[in-house]
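# Residue-level structural notes
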Amino acid sequence: MLSEFAFVGVLVIFATLLPVAGLAVAWLIRPKKPNPIKQSTYECGIEARGETWVQFRACYYIFALLFVVFDVEAAFLLPWAVAYQQLALYAVIEAIIFVAILAYALIYAWRKGALRWI
Amino acid sequence: MEALINWLVTTFPPLSEGLARFIVYVLYSAVLAFVAPVIIVVGYTYMERKVLARIQDRIGPNRAGPLGLFQGLADAIKMLTKEDVTPVCADRVVFNLAPILATMAAILVFAVLPVAPGVIGADLQAGILYVVAVGALGEVAALMAGWSSRNKFALLGAFRAVAQLIAYEIPIVLAILVVVMAAGSMQMSVIVAAQDVPFGLVLPVAFLIFLVASIAEIGRSPFDLIEAESEIVAGFHTEYSGMKFAFFFIGEYMHLFASAGIATTLFLGGWRGPFAGPDSWFGVLLGFIYFVIKTTAVIWVMMWVRGTLFRIRIDHLLDFAWKFLVPLGLILVVTVAVALKLPVIGASSSRWVALLAANLAAALLMMLSVSVLARRSRSAALREVAGVE
């Protein structure tokens, strides 16, 4: 078990090494001729105005909240699914009730208009 | 892997078991992190260009080398020698870390991919959960890139990316849940071993959910709103150039292969096929060939979809995830749970029939409710129009 995670650790090092090495090689051989126009923010014909890092619309936040609900649900259901074939019938019924409550939550959010993209 | 470690220990007696294991791990990681990206990116970009060209009635790349085979190499040289432009207002540290993280996240998925009989980097007990967890790193990379560029297009692209990726993560997890239920384990090797019948045949709805949601997770057409060039230039990597852009590109193709590989492992039986097995070198090689063929077939379907369908609108995209795929996934989990607990009648193959029936029932239920809801909302809209006039 531990040796398997050791492999993941080794792979993390190698997987970081690839982009770092690539960027280093590119840094060595690429031309470097910066000028203010080149380094300005990219735009489409009209110069960007105002601050970019502003507070943004809230509807992303509601989607993120819904996501958290369903992701936690998945975290609860995955162990259930692994042990599924040894479980008695009552565990199945319990899980179905659990899923039904979540489905109701989805319907509630839907009816409240949380899923509408404005 | 284990066979190779044993062989090393027996052939070179001074080698201890731990050292042999370490050597094998380093070698296999090096193959996954350095050799696989080159082959996958060069090979599948070439394939993608040729397939798309054929769909659009063109020839595709045919200048660089025989049949245009060196096109990928030419691109690599171009990317390496391009000047790197970093906007002055960018947050430099995060800006430079984002492409590294994007590539790393895609490569890490390969750790649990059983590419051939017995050849799997880390056969974790929670293997499929690891895939979901590591896949989330890619979303962080997209958000980092968009935020640190300090460009409005990039920031919009990053927000879209996160909204889209988290929306399609849930259908993927629900489809995985169904597979885990049928296989009784999250371990990749056990899931492959459980597929006497490929799960794609007995769980077709879960396979479809997984395939569609993976296309959205990779951010390919028709779900490429993350980088919709007609709306937000190039999305979160607008400000990237040269090798930094190339690493986002490499990350995308690695992610494509990894997703197709996971789909193959979960639904198409992985490396399984006639004469493939962990006992002989020939069987291992044959298993690897089966795996590559199946994965390429899945990738080919994704390319076909890309060449056929147009990009959909952002609200339709989110609606499709939240109002269609998630309810369908929930219904599927419940019907499969019931089907698996039915008393088995006669042969064990009746279990597969029950699973297939559960899938078809879930699909039918979903289609019926969608058509009823659509009719209701359409008639409501008609009544509104009639009321106004």
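That block above? That's the structure.
Residues numbered from 1 in each chain as written. Chains lettered and ligands numbered in written order. Predicted model: local features only at pLDDT ≥ 70, side-chain atom pairs only at ≥ 80, totals over all residues. Heavy atoms only, no water.

## Here we look at helix α1 (residues 2-29) of chain A
Note: α-helices contain 3.6 residues per turn, so residues at a spacing of three or four share the same orientation. Applied cut-off: In this description a helix means any DSSP run of H or I spanning at least four residues, a strand means any run of E spanning at least two, and both kinds are numbered starting from the N terminus. A helix is expected to span 1.5 Å multiplied by its residue count minus one. The classification of residues rests on relative accessible area computed with a 1.4 Å probe and restricted to protein chains. Under 20% of the type maximum is buried, over 50% is exposed, and intermediate values are partly exposed. Note on contacts: a residue pair is in contact if any heavy atoms of the two residues lie within 4.5 Å.
Spanning 28 residues, α1 of chain A covers 41 Å between terminal C-alpha atoms, matching the ideal 40 Å at 1.5 Å per step. Within α1 of chain A, the full set of buried residues consists of Glu4, Phe7, Val8, Val10, Leu11, Phe14, Ala15, Leu18, Pro19, Gly22, Leu23 and Ala26 of chain A. Where α1 of chain A is buried, its residues contact α2 (17-55), α3 (71-80), α4 (92-108), α5 (127-148) and α11 (242-267) of chain B.

## As for unusual backbone geometry
Working note: non-glycine residues mostly have negative phi, and peptide bonds are mostly trans. Here the phi dihedral of Asp57 of chain B falls at roughly 60 degrees; this positive angle occurs in a residue that is not glycine. Here Asp57 of chain B lies in the loop between α2 and α3.

## Some words on the layout of surface pockets
Just so we agree on the cut-off: A cavity here means a set of 1 Å grid points, computed over protein atoms only, where a 1.4 Å probe fits but cannot escape. A pocket is an open set with protein on both sides within 12 Å along at least 5 of 7 lines, and lining residues have an atom within 4 Å of a point. Grid points are joined across faces, edges and corners, and a volume is the space filled by probe spheres set on the points. Gly falls in the polar group here, along with every residue not listed as nonpolar (Ala, Val, Leu, Ile, Met, Phe, Trp, Tyr, Cys, Pro) or charged (Asp, Glu, Lys, Arg).
Size it by volume and the largest pocket reaches roughly 1,300 Å³. Around the largest pocket, the lining is made up of 42 residues, and of these Thr45, Phe245, Phe249, Ile250 and Tyr253 of chain B lie nearest the centre. Contributions of two or more residues to the lining of the largest pocket are made by α1 of chain A together with α2, α3, α11 and α12 (281-308) of chain B. Sorting elements by how many residues they give to the lining of the largest pocket places α11 of chain B first, with 9 residues. Taken together, the residues of the lining of the largest pocket sort by class into 23 nonpolar, 8 polar and 11 charged. Quantified by volume, the second largest pocket comes out at close to 800 Å³. Around the second largest pocket, the lining comprises 22 residues; the ones closest to its centre are Ile107 and Trp110 of chain A together with Lys323, Ser369 and Leu373 of chain B. Mapped onto the lining of the second largest pocket, the elements with two or more residues apiece are α3 (89-111) of chain A together with α13 (314-341) and α14 (349-388) of chain B. Residue composition of the lining of the second largest pocket, grouped by class: 16 nonpolar, 2 polar and 4 charged.

## Re helix α2 (residues 59-82) of chain A
Over its 24 residues, α2 of chain A runs 35 Å from end to end, which matches the ideal 34 Å to within 8%, given 1.5 Å per residue. Regarding α2 of chain A, the residues found buried are Cys59, Tyr60, Phe63, Leu66, Phe67, Phe70, Glu73, Ala74, Leu77, Leu78, Trp80 and Ala81 of chain A. Check the buried side of α2 of chain A and you find it contacts α3 of chain A together with α5, α6 (152-183) and α13 of chain B.

## Quick notes on the packing of aromatic side chains
Residue and element names in this part refer to chain B. For clarity, the cut-off: Working definition: rings of Phe, Tyr and Trp (its six-membered ring) pair if their centres are within 6.5 Å, and the pair is stacked with planes under 30 degrees apart, edge-to-face with planes over 60 apart, and tilted otherwise.
Summed over the entire model, instances satisfying the criterion amount to 18 aromatic pairs over all chains. With a centroid separation of 5.0 Å and 50 degrees between ring planes, the pair formed by Phe249 and Tyr253 is classed as tilted. Placement of the pair is Phe249 and Tyr253 together in helix α11, with a separation of 4 residues, close to one helical turn. According to the relative accessible area criterion, Phe249 is partly exposed, its value standing at 29%.

## A closer look at the pattern of salt bridges
Let me state the cut-off plainly: Salt bridges are identified by distance alone: a Lys or Arg side-chain nitrogen within 4 Å of an Asp or Glu carboxyl oxygen.
Per the stated rule, a full pass over the model turns up 8 salt bridges over all chains. With a closest N to O distance of 2.9 Å, Glu48 of chain B and Arg306 of chain B form a salt bridge. On the criterion of sequence distance, the pair formed by Glu48 of chain B in helix α2 and Arg306 of chain B in helix α12 is long-range, its members being 258 residues apart. Of the residues examined, Arg306 of chain B reaches a relative accessible area of 33% and is grouped as partly exposed. Salt-bridge contacts for Asp196 of chain B lead to Arg272 of chain B; the nearest nitrogen and oxygen are separated by 3.1 Å. One end of the pair, Asp196 of chain B, is in the loop between α7 (188-194) and α8 (199-202); the other, Arg272 of chain B, is in the loop between α11 and α12, and 76 residues separate them in sequence. Among the charged side chains, a salt-bridge network with shared partners connects Arg30 of chain A together with Asp84 and Lys244 of chain B.

## Considering a nonpolar patch on the surface
Stated formally: Patches in this entry comprise residues that are over 30% relatively accessible and not in a salt bridge; like charges within 9 Å are linked, as are nonpolar side chains (Val, Leu, Ile, Met, Phe, Trp, Tyr) within 5 Å. Computed with a 1.4 Å probe, the accessible areas rest on the Shrake-Rupley method; for each residue, only the protein chains presented here act as cover.
Together, Val31, Val35, Val38, Ile39 and Val42 of chain B give the surface a local cluster of nonpolar side chains, amounting to about 400 Å² of exposed area. For Ile39 of chain B, a relative accessible area of 57% puts it in the exposed group.

## Some remarks on the environment of Phe98 of chain A
Residues and elements named next belong to chain A. Its location among the elements puts Phe98 in helix α3. With relative accessibility at 29%, the residue Phe98 sits in the partly exposed group. A C-alpha to C-alpha distance of 9.8 Å links Phe98 and Phe76, two positions 22 residues apart in sequence. Setting aside residues no more than four positions away along its own chain, Phe98 makes contact with Glu73, Phe76 and Leu77.

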